[in-house]
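Fold and contact review
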Amino acid sequence: MKRVLIDCDPGLDDAVALLAAFGARTLDVCAITTVAGNVKGPQTEINARIIRDVAGVDTRVPVCAGAPRPLLRDPVTAEDFHGSTGLGDLPFPAPKQPLSDMHAVNMIIETCRAAEAEPLILIITGPMTNVALALTMAPEIADGIAEIVLMGGADSEGGNITPFSEFNVFADPHAAAAVFGCGLPIRCLSLDVTHTVRATPARVDLIRAVATPQATVAADLLHASCKLEFSANGSRDAPLHDPSTVIAVARPDLFEGRRAYVDVVTEPGEQFGRTIPRFEAAGPVLWYEQADSDGVFDVLARLLGEFK
Ligand code: RIB
Ligand code: CA
């Protein structure tokens, strides 16, 4: 059993990632922390609580709201890809269970401090503001983190929010620089790999055929993501960004990459928020470049079927 804490900005693909993590019998989700990103902060925590309800998980897995804005830059959101609600404007009921009264940064600090004997895996699928703050406030929590698995950045693929920058890094490049430079082992799912893992209609049907309530919701979320991706940039098959982090935790063998040091451009200009991997064997970041995309969707379907 792998203990994971997921820091996210739900978001359609974050929501699918959460469902996969909650379904996985080999993962123990100890907390969900949310951050402003795809939509404004208060909406991301509502969305995380909605998905916790869909998963049938109670408040033993707390949802904690975090940073309402980036460290330094002006806030940006991505409603074009996630709808005004962040969950594709799908008709979900309001969350039934409460938000934790602990701030996300304090939850990350307290949970990682308590994990020193059995370090946890920190999954980040949104702007890295909460984790950067936690590592700055309490650097010793690194002893409770086995690795960070994050979705963010782009190199050979180019950006999705500017020609150079991927959204999670662009939304808070200073936080991303702090995390990429923290020295902990990181596995990075940038656009270079997530753009090779696409939710085609056949793959969405594969998920829907699992037929658990959670798989049905995941298929609806993926379908909404594909519709918004098409209206936003003409691509029919949405990349499986955030769920790929959970699949990489469950099945690292499905991904390949090279080790690197990763720099982030934080100077104003056209390359603001660009990630620049310097591929060296001693690099702390495993920069994924290939994935078995059929295998990823087969595992996603299996995880969503484990709710049975
Ligand atoms: O660039 C894709 C990333 O930005 C995903 O995490 C998506 O949810 C948005 O946060
Ligand atoms: Ca996200």
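Residues numbered from 1 in each chain as written. Chains lettered and ligands numbered in written order. Predicted model: local features only at pLDDT ≥ 70, side-chain atom pairs only at ≥ 80, totals over all residues. Heavy atoms only, no water.

**A word on the packing of helix H9 (residues 201-208) against helix H10 (residues 213-233)**
For the pair H9 and H10, interaxial distance at closest approach is 8 Å and the crossing angle is 160°. The angle between H9 and H10 falls in the class roughly antiparallel. When you trace H9 past H10, the crossing you get is left-handed. Here Val204, Ile207 and Arg208 of H9 lie close against H10, whose contacting residues are Ala215, Thr216, Ala218, Ala219, Asp220, Leu222 and His223. (Axes fitted to C-alpha atoms, helices over the stretch in contact; angles between N-to-C directions. Helix = DSSP H or I, 4+ residues; strand = E, 2+ residues; numbered from the N terminus. Parallel < 35°, antiparallel > 145°, perpendicular 65-115°, else oblique. Left-handed = near helix turned anticlockwise from the far one by under 90°. Contact = heavy atoms within 4.5 Å.)

**Overview of the pattern of salt bridges**
A full pass over the atoms with the stated rule returns 14 salt bridges. When the shortest N-O distance is used, the salt bridge between Glu140 and Arg113 registers 2.7 Å. Note that Glu140 is positioned in the loop between helix H5 (129-137) and strand E5 (145-151) and Arg113 in helix H4 (residues 104-113), a separation of 27 residues in sequence. Salt bridges here are not isolated pairs; linked through shared partners, they connect Glu110, Arg113 and Glu140. (Salt bridge = Lys/Arg side-chain N within 4 Å of Asp/Glu carboxyl O.)

**Considering the coordination of the calcium ion (ligand 2)**
Around the calcium ion (ligand 2), the donor atoms from the protein are Asp9 (OD), Asp14 (OD), Asp14 (OD), Thr125 (O) and Asp242 (OD), and they sit 2.2 to 2.6 Å away. Expressed as a motif, the donor residue spacing for the calcium ion (ligand 2) is D-x4-D-x110-T-x116-D. Looking at Asp14, the relative accessible area reads 1%, which means it is buried. (Donors = N, O, S within 2.8 Å, 3.2 Å for Na, K, Ca; no water. Buried < 20%, exposed > 50% of the residue type's maximum accessible area, 1.4 Å probe, protein only.)

**What about the site of ligand 1?**
Residues in contact with ligand 1 amount to 13 residues; listed here are only the nearest, Asp13, Asn160, Glu166, Asn168 and Asp242. Side-chain polar atom of Glu166 to an oxygen atom of ligand 1: 2.6 Å apart, as the coordinates give it. In the model, an oxygen atom of ligand 1 is placed 2.6 Å from a nitrogen or oxygen of the Asp242 side chain. Burial of ligand 1 by the surrounding chains reaches 96%, relative to a free accessible area of 270 Å². Looking at the shell around ligand 1, the elements with two or more residues in it are helix H1 (12-23) and helix H6 (167-171). Among the residues forming the shell around ligand 1, the class breakdown is two nonpolar, six polar and five charged. (Near = heavy atom within 4 Å. Polar contact = N/O pair within 3.5 Å; in protein donor to acceptor, adjacent residues only side chain to side chain. Areas by Shrake-Rupley, 256 points an atom, 1.4 Å probe, with all protein chains shown as cover. Nonpolar A, V, L, I, M, F, W, Y, C, P; charged D, E, K, R; others polar.)

**Re the packing of H1 against helix H12 (residues 293-305)**
The geometry of H1 relative to H12 is characterised by a closest axis approach of 7 Å and an angle of 60° between their N-to-C directions. Note that H1 runs across H12; the crossing there is left-handed. Counting all contacts with H1, which are made through Val16, Leu19, Ala20 and Gly23, the residues of H12 involved are Leu300, Leu303 and Leu304. Looking at the contact of H1 with H12 residue by residue, the class counts come to six nonpolar, one polar and no charged.

Purely spatial values, then, with no claim about function.
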